[in-house]
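# Tertiary structure, described
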Amino acid sequence: DAKTTQPTSMDCAEGRAANLPCNHSTISGNEYVYWYRQIHSQGPQYIIHGLKNNETNEMASLIITEDRKSSTLILPHATLRDTAVYYCIVRFLIGNQFYFGTGTSLTVIP
Amino acid sequence: GAVVSQHPSRVICKSGTSVKIECRSLDFQATTMFWYRQFPKKSLMLMATSNEGSKATYEQGVEKDKFLINHASLTLSTLTVTSAHPEDSSFYICSARVRRTRDYNEQFFGPGTRLTVL
């Protein structure tokens, strides 16, 4: 069962930061927040994951609220190639399956 | 990151035939692989968990006899869609799990296989 809620779609101007929210109000203490994205007709691509601290890598930043009930994925300078469906997933670190929710379709506009 | 491949990338078949899709982990061994299907403009739906050397575990509502999964080696899992019908047309995606440490594993996804049943 998907345990996350995301907006269906968002637009972002090229070069601006894209902020993608995710609600996971039933997250348990040992569950991590993962973000993947899927460009049209391709397999999902890993972006980032975190437990409770904010995380940053070369692709994005992940901001998790103190109560861990929501998080935001930030693409600092969106490009046209960032147009994709972004999935927020909660799972144990040593967990098995990923259950995908509906995701957010991000369109980066020139 | 580790690489997962799928073959074929695209297949068109006649109704009633069986189609085999391969999922390979190219540079690592995967004791566990997963199969998903995705309909147009929909999310990925987990179909089954494939464990090397044992029977696959299917999600509720997925027909075991319809979707045969074999995980005969640590680098290869196959999904066979038996007696395919047009409603089986979908995008099939596999993923492979690699255990990094005792407490952490990662999962990598293949590029997907587009199945069209005429």
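### Thoughts on the interface of chain A and chain B
On the side of chain B, 24 residues touch chain A, which itself brings 20 residues to the contact. Here chain A meets chain B over a buried area of about 1,600 Å², counting both sides, of which 50% is carbon and sulfur. Here chain A and chain B share 0 salt bridges between them. The tally of links from chain A across to chain B stands at 6 residue pairs in polar contact (both at pLDDT 80 or more). Only strand E3 (31-38) and strand E8 (84-92) of chain A provide two or more residues apiece to the side of chain A that touches chain B. Top contributing element to the side of chain A that touches chain B by residue count: E3 of chain A, with 3 residues. Each residue belonging to the side of chain A that touches chain B can be placed in one class, and the counts come to 9 nonpolar, 10 polar and 1 charged.

### Here we look at the sheet that holds strand E8 (residues 76-81) of chain B
Residue and element names in this part refer to chain B. Across the sheet, 4 strands lie side by side as E1-E3-E8-E7; this open sheet has antiparallel pairing. Looking at the sheet topology across the chains shown, the edges are occupied by strand E1 (4-7) and strand E7 (67-73). Direction aside, the axes of adjacent strands within the sheet are offset by 20 degrees on average. Two strands pair when backbone bridges link them, and E7 and E8 are joined in this way by 5 bridges, in the antiparallel orientation. Counterpart to Phe 67 in the pairing with E8 is Val 81.

Thresholds, definitions, all that
- For every chain, the first residue of its written sequence is number 1, and the numbers climb from 1 along that sequence.
- Lettering for chains starts from A, numbering for ligands starts from 1, and both go in the order in which the items are written.
- Since the coordinates come from a predicted model, pLDDT governs what is reported: local features require at least 70, and pairs of side-chain atoms require 80 or more to be given and counted, while whole-chain, interface and lining totals use all residues.
- Excluded from the side-chain calculations are hydrogens and water; all other atoms, namely the structure's heavy atoms, are used.
- By the convention used here, residues are in contact when the closest approach between their heavy atoms is within 4.5 Å.
- Accessible area that two parts lose when put together, with a 1.4 Å probe and added across both, is what the buried area reports.
- The salt bridge definition used is simple: a Lys or Arg side-chain nitrogen within 4 Å of an Asp or Glu carboxyl oxygen.
- Polar contact criterion, stated in full: a pair of N or O atoms within 3.5 Å, where within protein one must be able to donate a hydrogen and the other to accept it, and residues adjacent in sequence count only if both atoms are side-chain atoms.
- Each helix is a run of DSSP H or I of at least 4 residues and each strand a run of E of at least 2, with the numbering of both proceeding from the N terminus.
- In the scheme used here, Gly and all other residues not listed as nonpolar or charged are polar, with Ala, Val, Leu, Ile, Met, Phe, Trp, Tyr, Cys and Pro taken as nonpolar and Asp, Glu, Lys and Arg as charged.
- Pairing between strands is defined by DSSP: at least two bridges between the two strands are required.
- The convention used is that axes are lines fitted to C-alpha atoms, helices contributing only their stretch in contact, and that angles between N-to-C directions extend from 0 to 180 degrees.

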